[in-house]
Amino acid sequence: MVLAGSLVNALGTGLVLPFLLIYLHTVRGIPLGRTGLLLALPGLVGFVAGPTGGWLSDRYGARQVLVTGQVVSAGAAVLIACVHSAGWAAPVLALYGIGNATFFPSQSGLFAQVAEGPLLQRMFATNFVLINAGIGVGGLVAGAVANVHHPGTFELIYVLDGVTFAVYAVAVLSVRLPGGPVHEQAREGSYREVLRHPLFWRVFGLAMLLAVIGYAEIDSGLPAFATVTLGLPPRAVAVALVANTAVIVLGQFVVLRRIEHVRRTRCLLVVAALWTASWLLLGSGALVGPHAARWVIVCAFAGLFGLGETFMAPTTGPLTNAVAPAHLRGRFFAANSLAFSFAFTVAPPVATGLIGRHVGAVWFGLLVAGCVTLALSARRLERRLTPEQNGALPLLDPETSLVL
């Protein structure tokens, strides 16, 4: 049931994911630089809301926190439809950030309660497929409905996004948890204990790199580069995201079978290589003249980036879960979510600032440097992990495993 609810929630995400920058800048007339700062607000709020959500998940249970966060996000999504100025957008996006920041640690903690071992890895991967399928369908609907000359179409998709948050909250409430509430099983812990853990900072560093060079840039840098630099319509961004989700939906389980017993750090090396190639491909769009060729490059970028995501999705969550002590699991996931808060705070103003000043080459250079750093960090972490933590378990079927 929780996976079905996650699919519905992803439909709402797909409706709005590529359009917040376009909505605020093009439809509501907020300057691009100020829009970049507004997009950073949810991430900034996450610096407080994320750790609080992790502490609450360990103390009161991941399900309770996840449901509360979804209710907050539902209200914020509906309020975004009413935004007409930067002054009104700021508090609404801050509220949206509170819901987003509690989502990752509480959902990951809930998954860890209902599954373990290889099943947990498959659950993260399956959820990732469903999320991307939902985003793809939602993106198609939004691409057909959203029209910058008719603000009501954007207001509609944000109201629908709010409805999907509410549906997910109901689905999570119906989940049966084994063994009683988590806060009755776990002993007291603290963030001080998390910070002193010998592997925390290395895992956190990987999460930081993945967030900065990945999702935060897709959320703000991609639509800014595609519409401002390449001169493509908003629909091109929606189509690109559909291509991204199609690769993930079609390829995730194939990749999962190949990497199920491969070291997780080796999977991250593949992510670094694929994302390096994808960002270089997108940057080449500025050198291409024909409009149709730019469409193809943006869609090809999204597909190649999605292939990298199929290696990442079954890797990062189980890696964090393997490293974290059970009574600190919520705090570990919440601390890692701070990496995404940082990324979504820093990436929008940096990306929109560089692209708006027509120095996108600097932006791409930073992204490639981040990919190289990701590869080096994964190699260093590999020497610190036990085989069990790194997912290097005995192969059950050598013919279905990819040797890396």
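Quick notes on the rules
Residues numbered from 1 in each chain as written. Predicted model: local features only at pLDDT ≥ 70, side-chain atom pairs only at ≥ 80, totals over all residues. Heavy atoms only, no water. Core = buried A, V, L, I, M, F, W, Y, C linked by side-chain atoms within 4.5 Å. Buried < 20%, exposed > 50% of the residue type's maximum accessible area, 1.4 Å probe, protein only. Helix = DSSP H or I, 4+ residues; strand = E, 2+ residues; numbered from the N terminus. Contact = heavy atoms within 4.5 Å. Phe/Tyr/Trp six-rings, centres within 6.5 Å; stacked < 30°, edge-to-face > 60°. Salt bridge = Lys/Arg side-chain N within 4 Å of Asp/Glu carboxyl O. Disulfide = S-S within 2.5 Å. Axes fitted to C-alpha atoms, helices over the stretch in contact; angles between N-to-C directions. Left-handed = near helix turned anticlockwise from the far one by under 90°. Nonpolar A, V, L, I, M, F, W, Y, C, P; charged D, E, K, R; others polar.

## Section: the nonpolar core
Then comes step 1: If you look at the biggest cluster of nonpolar residues, it comprises 88 residues, and the most contacted ones within it are Tyr23, Leu24, Trp275, Trp279 and Trp363.
Then comes step 2: Considering every element that reaches this core, the biggest residue donor is helix α10 (residues 200-229), with 13 residues.
Then comes step 3: In contact with Leu24, other than residues within four places in its own chain, are Gly29, Ile30, Thr35, Leu38, Leu39, Val83, Ala89 and Leu93.
Then comes step 4: Core analysis: the next-biggest nonpolar cluster, separate from the first, contains 16 residues, Ala62, Phe103, Ala169 and Phe333 among them.

## Structural notes on the packing of aromatic side chains
Then comes step 1: Tallied over the full model, the rule gives 18 aromatic pairs.
Then comes step 2: Arranged with centres 5.3 Å apart and planes meeting at 40°, the rings of Tyr23 and Tyr158 form a pair that is tilted. With Tyr23 in helix α2 (residues 20-27) and Tyr158 in helix α7 (residues 151-173), this residue pair connects regions lying 135 residues apart in the sequence. Each member of the pair, Tyr23 as well as Tyr158, carries the same accessibility label: buried.

## A look at the pattern of salt bridges
Then comes step 1: Counted under the stated rule, the structure contains five salt bridges.
Then comes step 2: The residue Arg28 makes a salt bridge to Glu155 at a minimum N-O spacing of 2.8 Å. Residue Arg28 is located in the loop between α2 and α3 (32-60), and its partner Glu155 is located in helix α7; the two are separated by 127 residues in the primary sequence.
Then comes step 3: For Glu155, a relative accessible area of 28% translates into the label partly exposed.
Then comes step 4: Each of Arg263, Arg266, Arg379 and Glu382 takes part in one network of salt bridges that share partners.

## Here's the deal with the state of the cysteines
Then comes step 1: Enumeration over the complete set of coordinates arrives at zero disulfides.
Then comes step 2: Left without a disulfide partner, Cys371 is nearest to the cysteine sulfur of Cys267, which lies 16 Å away.

## A few points about the environment of Val296
Then comes step 1: Relative to the assigned elements, Val296 resides in helix α13 (residues 291-323).
Then comes step 2: C-alpha separation for the pair Val296 and Glu260, spaced 36 residues apart in sequence, amounts to 32 Å.

## Details of the packing of α10 against helix α14 (residues 329-356)
Then comes step 1: Their axes nearest at 7 Å, the elements α10 and α14 cross at an angle of 30°. At the point where α10 passes α14, the crossing takes the right-handed sense.
Then comes step 2: Residues belonging to the contact of α10 with α14 are distributed by class as follows: 24 nonpolar, five polar and two charged.

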